Amino acid sequence: MHVQKKGIAILGSTGSIGTQALEVIESNPNYFDLQVLTAGSNVSLLIEQAKKYKPNTVVIANEEKYLELRNALEDFDIHVYAGSDALSQVVESKEVHVVLTALVGYAGLIPTIKAIESRKTIALANKETLVVAGELIKKLARKYQSNIYPVDSEHSAIFQCLMGEYKNPIEKIYLTASGGPFRGYSLEQLKTVTLKQALKHPNWSMGAKITIDSASMMNKGLEIIEAKWLFDLKEDQIDVIVHPQSIIHSIVQFEDGSMKAQMGLPDMKLPIQFALTYPDRLPSTFPRFNFLDYPQLNFEKPDVEVFTSLSLAREAMLMEGTAACSLNAANEIAVEAFLNEKISFLDILEVNEKVLKQINNQTSPSLTDYIDADKEARNFAKKLCGIN
Ligand code: NDP
Ligand code: MG
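Treat the numbers as computed from the prediction; the structure is a model and nothing was measured. (Residues numbered from 1 in each chain as written. Chains lettered and ligands numbered in written order. Predicted model: local features only at pLDDT ≥ 70, side-chain atom pairs only at ≥ 80, totals over all residues. Heavy atoms only, no water.)

**Describing the site of ligand 1**
For step 1, the next point in the chain: The environment of ligand 1 is formed by 25 residues, the closest being Thr14, Ser16, Ser41, Asn42 and Glu128.
For step 2, the next point in the chain: Gly12 places a main-chain nitrogen or oxygen 3.3 Å from an oxygen atom of ligand 1.
For step 3, the next point in the chain: Within the contact set of ligand 1, an oxygen atom lies 3.4 Å away from a backbone nitrogen or oxygen of Ala125.
For step 4, the next point in the chain: When ligand 1 is considered free in solution it has 890 Å² of accessible area, and contact with the protein chains removes 82% of it.
For step 5, the next point in the chain: Placement of ligand 1 is best described as lying within the largest pocket.
For step 6, the next point in the chain: Along the lines of polarity and charge, the residues of the shell around ligand 1 split into 12 nonpolar, 10 polar and three charged.
For step 7, the next point in the chain: Among the domains, domain 1 (6-150) and domain 2 (155-266 + 288-311) are the pair contributing at least three residues each to the shell around ligand 1. (Near = heavy atom within 4 Å. Polar contact = N/O pair within 3.5 Å; in protein donor to acceptor, adjacent residues only side chain to side chain. Areas by Shrake-Rupley, 256 points an atom, 1.4 Å probe, with all protein chains shown as cover. 1 Å grid on protein atoms, 1.4 Å probe; cavity = no way out; pocket = protein on both sides within 12 Å on 5 of 7 lines; lining within 4 Å. Sits in = over half its atoms within 2 Å of the grid points. Nonpolar A, V, L, I, M, F, W, Y, C, P; charged D, E, K, R; others polar. Domains from an automatic or database assignment.)

The structure is reproduced here in structure tokens:
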């Protein structure tokens, strides 16, 4: 029996991870106490969620939507705020124990820092935070004794494989990758792929940005950097293996050669739930994996000549400093430009490469250095994409 329910804040409740987290919370009313919901600008869904789940507080980042939100929730006992400062402040409440960072992109950085400084447990979906400022985040997490539990399925798999292995060093890890919709494509074929094709992921239904990142394999590049910071690994300890069925979510290899893998159907609700309940495992009704439905599981080498995102991310990681922050900023701008059909699919890779090669790299960065590097890389990437 749990004497105290876990108070949860979901940053980004209207997104793919956020809505699935709400399903997890709804299924376990005796375990969770939903405190905070936040959205970027999808005010109608936030209103619907607030009325249904009755959290203590809601925040809409887009201040223009504040009145609509406040008026709709007038008859409810719910605090209503707007703006990105409010987003950072609401995580400080003492009723909040776990902060699920389910925002997309760089916007997650400051709220995550605030949550760490308030000594909250972080259920981290927003991988960009660790990509942008892993060095700083790790330092702060240590200082404020804040635990960071991964939501990303590969990292959750590694985390689960490491349970009970506290004293045993990792020899290496294998991050699995589905290969996305363009697995096996040549550079020539990638020249003409469309937005519609890129948005069609074979195994996962996710937000638009990560879906494009999966198609370009930048998602796996970001995940290499995420793994470095989460598990304290060197670049050559992190391997990527393409596994089209997405059943094995990742693998740890120990120094005696033993390998542990975590597997299951591709369903983000499981890693979301585990990050919220660790070290407990709650019963669930998620569909179970059946071996006979998958007589074959396949593995392939990623094509790093075509999908240059993987080596680009490794390069940024080895450069340290603000390099990965700049790469992330370039990628966010390029992906947005591709989603708005301003550039082609291969242009994303080109913009990322140009920015990483030409930008200043600031070593041992402070928060201000990250903020400056992000701004500079965004401006450069916008120029390359022909956007003002
Ligand atoms: P979505 O785009 O579906 O959702 C993003 C959420 O963040 C929405 O609630 C959105 O609000 C909010 N948001 C966006 N921009 C801002 C902003 N500037 N300020 C405040 N809030 C903002 O993304 P996903 O759920 O797919 O992904 C979330 C994170 O989780 C990403 O970092 C992704 O890499 C990671 N992740 C996702 C997986 C998945 O299966 N989806 C798997 C593994 C990791 P609004 O709806 O109002 O725009
Ligand atoms: Mg992942």
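So, next bit.
**Quick word on the packing of helix α13 (residues 309-319) against helix α15 (residues 345-358)**
To describe two helices that pack against each other, one gives the angle between their axes and the distance between the axes.
For step 1, the next point in the chain: It is the contact of α13 with α15, at a shortest axis distance of 11 Å, that shows an interaxial angle of 20°. Viewed along their axes, α13 and α15 adopt a mutual orientation that is roughly parallel. By crossing handedness, the relation of α13 to α15 is classed as left-handed. For the pair α13 and α15, contact is made by Ser309, Leu312, Glu315, Ala316 and Met319 and by Leu349, Asn352, Glu353, Leu356 and Lys357, respectively.
For step 2, the next point in the chain: Its residues assigned to classes, the contact of α13 with α15 shows five nonpolar, two polar and three charged. (Axes fitted to C-alpha atoms, helices over the stretch in contact; angles between N-to-C directions. Helix = DSSP H or I, 4+ residues; strand = E, 2+ residues; numbered from the N terminus. Parallel < 35°, antiparallel > 145°, perpendicular 65-115°, else oblique. Left-handed = near helix turned anticlockwise from the far one by under 90°. Contact = heavy atoms within 4.5 Å.)

**What to know about the coordination of the magnesium ion (ligand 2)**
For step 1, the next point in the chain: Bound to the magnesium ion (ligand 2) are the protein donor atoms Asp152 (OD), Glu154 (OE) and Glu223 (OE), situated 2.1 to 2.2 Å from the metal.
For step 2, the next point in the chain: Coordination of the magnesium ion (ligand 2) draws on donor residues from a single chain, spaced D-x1-E-x68-E in sequence. (Donors = N, O, S within 2.8 Å, 3.2 Å for Na, K, Ca; no water.)

**Looking at the sheet that holds strand β1 (residues 6-11)**
For step 1, the next point in the chain: Strand order across the open sheet formed by seven strands is β4-β3-β2-β1-β5-β6-β7, with parallel pairing between neighbours. Every other strand in the sheet has two partners, leaving β4 (79-82) and β7 (148-150) as the edge strands with one partner each. The sheet shows a mean angle of 20° between the axes of neighbouring strands, taken without regard to direction.
For step 2, the next point in the chain: Two elements, strand β5 (residues 98-101) and strand β6 (residues 121-124), share four bridges in a ladder whose sense is parallel. Looking across to β6, one finds that Leu100 is bridged to Ala123. (Pairing = 2+ DSSP bridges.)

**Digging into empty space enclosed by the protein**
For step 1, the next point in the chain: Tallied over the entire structure, the rule returns one cavity of 30 Å³ or more.
For step 2, the next point in the chain: Here the largest cavity defines a volume of roughly 130 Å³.
For step 3, the next point in the chain: Every residue lining the largest cavity is counted, 16 residues in all, and those nearest its centre are Val131, Trp229, Glu320, Gly321 and Ala324.
For step 4, the next point in the chain: Looking at the lining of the largest cavity, the elements with two or more residues in it are α6 (127-143), α11 (218-231), α13 and α14 (323-339).
For step 5, the next point in the chain: For the lining of the largest cavity, the element with the highest residue contribution is α6, accounting for six residues.
For step 6, the next point in the chain: Considering only residue class, the lining of the largest cavity consists of 11 nonpolar, two polar and three charged. (Points joined across faces, edges and corners; volume = space filled by probe spheres on them.)

**Here's the deal with helix α7 (residues 153-161)**
For step 1, the next point in the chain: Burial of α7 is extensive: nine of the nine residues sit out of reach of the surface.
For step 2, the next point in the chain: Listing the buried residues of α7 in full gives Ser153, Glu154, His155, Ser156, Ala157, Ile158, Phe159, Gln160 and Cys161. (Buried < 20%, exposed > 50% of the residue type's maximum accessible area, 1.4 Å probe, protein only.)

**Quick word on the layout of surface pockets**
Think of a ball as big as a water molecule: rolled over the atoms, this probe shows where empty space is left.
For step 1, the next point in the chain: Size it by volume and the largest pocket reaches roughly 890 Å³.
For step 2, the next point in the chain: Around the largest pocket sit 49 residues that line it, and Ile17, Val104, Met206, Gly207 and Ile210 are the ones nearest its centre.
For step 3, the next point in the chain: Considering each element in turn, the lining of the largest pocket owes the most residues, five residues, to helix α10 (residues 208-216).
For step 4, the next point in the chain: Partitioning the lining of the largest pocket into residue classes produces 19 nonpolar, 22 polar and eight charged.
For step 5, the next point in the chain: Lining the lining of the largest pocket are residues from two domains, each supplying at least three of them: domain 1 (6-150) and domain 2 (155-266 + 288-311).
For step 6, the next point in the chain: Taken as a whole, the second largest pocket encloses approximately 760 Å³ of empty space.
For step 7, the next point in the chain: Forming the walls of the second largest pocket are 24 residues, and the residues nearest its centre are Lys138, Phe159, Tyr166, Leu230 and Phe231.
For step 8, the next point in the chain: Secondary-structure elements contributing two or more residues to the lining of the second largest pocket are α6, β7 and α11.
For step 9, the next point in the chain: Take the lining of the second largest pocket: its biggest share by element is four residues, from α6.

**Here's the deal with unusual backbone geometry**
Note: most residues except glycine have negative phi, and most peptide bonds are trans.
For step 1, the next point in the chain: Following Tyr278, the chain continues into Pro279 via a peptide bond in cis, with omega recorded as 5°.
For step 2, the next point in the chain: Along the chain, Pro279 turns up in the loop between α12 (269-277) and α13.
For step 3, the next point in the chain: Unlike most non-glycine residues, Glu341 shows phi in positive territory, near 55°.
For step 4, the next point in the chain: Considering the arrangement of structural elements, one finds Glu341 in the loop between α14 and α15.
For step 5, the next point in the chain: Within the chain, Ser364 stands out as a residue other than glycine whose phi angle is a positive 40°.
For step 6, the next point in the chain: Here Ser364 lies in the loop between α15 and α16 (367-385).

Honestly, that's just the spatial picture; any functional story needs more than this.
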